[in-house]
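Summary of the model geometry
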Amino acid sequence: MVREGYEPDLISYNTIVNGFGKIGDTSGAIKLLRNMEQKGFQPNIVTYSTIIDSFCKDKLVTDALNLFSEMTGKGISPNVVTYNSLIHAMFNSGQWKEHITLLNEMLVNNCKPDVVSYSILVGALCKEERVSEAHDIVERMTQQGVDPNTITYNELMDGYCLQGKMDEARKILNLMIISDCVPDVYSYTVIINGYCKYKRIDEAIELFCEMYQNGPVPNSVTYNALINGMSQIETFSCTRTFRRNVCSWASTRHDYLLYFTAWFMQAWSYLQGIGTFSSDAEQWVKT
């Protein structure tokens, strides 16, 4: 561009800085930032936020904070994108107190947290086993006009499952559905896994069937949770529950993982001496 006689403007510089960030070349972005300053360009919030986010993704939190201080020292006010990058980095690096400090700073500076800001906080609280506080944050979000998204609800459900509060986790899933927030495969799988972990296998199977008929397609993690749960129990009732729930629709759905799960359940019951065995898993599901 320069060789052709064209001088880059601020938009051009920011576009190139963004490109450096996307390929993970943070040092290149910093060099360009200094080059901008030498040529008399004043970097703006987009320039700084892009590089701060790049530092955060590289886990260079100290460098990100230093650049943040440089930015604010020049009178450039951070926006919600800047804060979210730093808050997420603090959370990932285990700097809980600094995480909360930044969130409070946002509020003091009249920078309204968005769903990303709140979701990070909800996740952090749940991992600290402060699930009731996390639930309060979700309620506060809705009161302030910020709608929780799938990630927000997933973090909260995960927190309840980690504490064994499966009924509360299921309530959150139901709340998602009535709030028109579409559950994803993780939403169902985290509860199915929780049910299996606490040996509530019948409920895990019922939710799996609900997921399979109405929700997202189960993945290998979902099936593994069911298989692991089955391997830890000493009753055949869950096998009957599985057959009862799938018999009305499995004949029209050729899902090999489903049949493998059915085959495993039959094989397991046979080894336990509480069932018969056939290698034809599809036929077993239908009968």
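**Side note on the side chain of serine 49**
Looking at where serine 49 falls in the secondary structure, it is placed in helix α3 (residues 45-57). Under the relative-accessibility criterion, serine 49 is labelled buried at 7%. Sequence-distant contacts of serine 49, defined by excluding residues within four places in its chain, comprise Asn79 and Thr82.

**Let's talk about the environment of alanine 225**
Structurally, alanine 225 can be placed in helix α13 (residues 220-230). When its relative accessible area of 5% is taken as the criterion, alanine 225 is described as buried. Sequence separation between alanine 225 and cysteine 196 is 29 residues, and the spatial gap between their C-alpha atoms is 6.7 Å. Beyond its immediate chain neighbours, meaning those up to four positions away, alanine 225 contacts Ile192, Asn193 and Cys196.

**Quick word on the nonpolar core**
Counting residues in each nonpolar core, the largest one holds 71 residues, and the members touching the most others are Leu156, Ile191 and Ile192. For isoleucine 192, the contacting residues outside a window of four places in its chain are Ala204, Leu207, Phe208, Met211, Thr222, Ala225 and Leu226.

**A closer look at the packing of helix α7 (residues 115-127) against helix α8 (residues 131-143)**
Where α7 contacts α8, the axes come no closer than 8 Å and their chain directions differ by 165 degrees. Between α7 and α8, the crossing angle belongs to the class labelled roughly antiparallel. In the crossing of α7 with α8, the sense of the turn from one axis to the other is left-handed. Here Val115, Tyr118, Leu121, Val122, Leu125 and Cys126 of α7 lie close against α8, whose contacting residues are Val131, Glu133, Ala134, Ile137, Val138 and Met141. Of the residues that constitute the contact of α7 with α8, the class distribution is 11 nonpolar, no polar and 1 charged.

**A closer look at helix α12 (residues 201-214)**
Along its 14 residues, α12 runs 20 Å from first to last C-alpha, staying within 8% of the 20 Å computed at 1.5 Å per residue. Those residues of α12 lying buried are Ile201, Ala204, Ile205, Leu207, Phe208, Cys209, Met211 and Tyr212.

**A closer look at the pattern of salt bridges**
For the structure shown, the criterion picks out 11 salt bridges. Arginine 34 is the partner of glutamate 37 in a salt bridge, and the nearest nitrogen-oxygen pair spans 3.2 Å. Here glutamate 37 pairs with arginine 34, and both are found in helix α2 (residues 26-38), just 3 residues apart, close to one helical turn. On the accessibility criterion, arginine 34 (30% relative accessible area) is partly exposed. The partner of lysine 74 in a salt bridge is glutamate 37, and the shortest N-O contact between them spans 2.6 Å. Here the residue lysine 74 occupies a position in the loop between α4 (61-73) and α5 (80-92), and glutamate 37 occupies one in helix α2, the gap between them amounting to 37 residues. Take lysine 74: its relative accessible area is 40%, and that puts it in the partly exposed class. By relative accessible area, glutamate 37 is classed as partly exposed at 26%.

**As for unusual backbone geometry**
One non-glycine residue, glutamate 129, lies in the positive phi region at around 60 degrees. Of note, glutamate 129 is situated in the loop between α7 and α8. Its identity is not glycine, yet aspartate 180 carries a phi of approximately 60 degrees, on the positive side.

**What to know about the confidence of the model for the protein chain**
In the predicted model, the protein chain carries a mean pLDDT of 81, and the fraction of residues at 70 or more is 78%. Across the protein chain, element-level confidence peaks in helix α9 (residues 150-162) with a mean pLDDT of 97 and bottoms out in helix α16 (residues 281-286) with 43. Segment residues 247-256: pLDDT under 50, and 16 contacts once partners within four positions in sequence are set aside and those in other chains are kept. Note that pLDDT drops below 50 for residues 274-287; the model gives that stretch 33 contacts with residues more than four away or on any other chain.

**A word on the packing of α2 against α3**
Closest axis-to-axis distance for the α2/α3 pair is 10 Å, and the angle between their directions is 155 degrees. Classified by the angle their axes make, α2 and α3 are roughly antiparallel. Crossing hand, α2 versus α3: left-handed. Here Thr26, Ala29, Ile30, Leu33, Met36 and Glu37 of α2 come into contact with α3, specifically with Thr47, Tyr48, Ile51, Ser54 and Phe55.

Cut-offs applied
- Residues numbered from 1 in each chain as written.
- Predicted model: local features only at pLDDT ≥ 70, side-chain atom pairs only at ≥ 80, totals over all residues.
- Heavy atoms only, no water.
- Helix = DSSP H or I, 4+ residues; strand = E, 2+ residues; numbered from the N terminus.
- Buried < 20%, exposed > 50% of the residue type's maximum accessible area, 1.4 Å probe, protein only.
- Contact = heavy atoms within 4.5 Å.
- Core = buried A, V, L, I, M, F, W, Y, C linked by side-chain atoms within 4.5 Å.
- Axes fitted to C-alpha atoms, helices over the stretch in contact; angles between N-to-C directions.
- Parallel < 35°, antiparallel > 145°, perpendicular 65-115°, else oblique.
- Left-handed = near helix turned anticlockwise from the far one by under 90°.
- Nonpolar A, V, L, I, M, F, W, Y, C, P; charged D, E, K, R; others polar.
- Expected span 1.5 Å × (residues − 1).
- Salt bridge = Lys/Arg side-chain N within 4 Å of Asp/Glu carboxyl O.
- pLDDT = per-residue confidence, 0-100.

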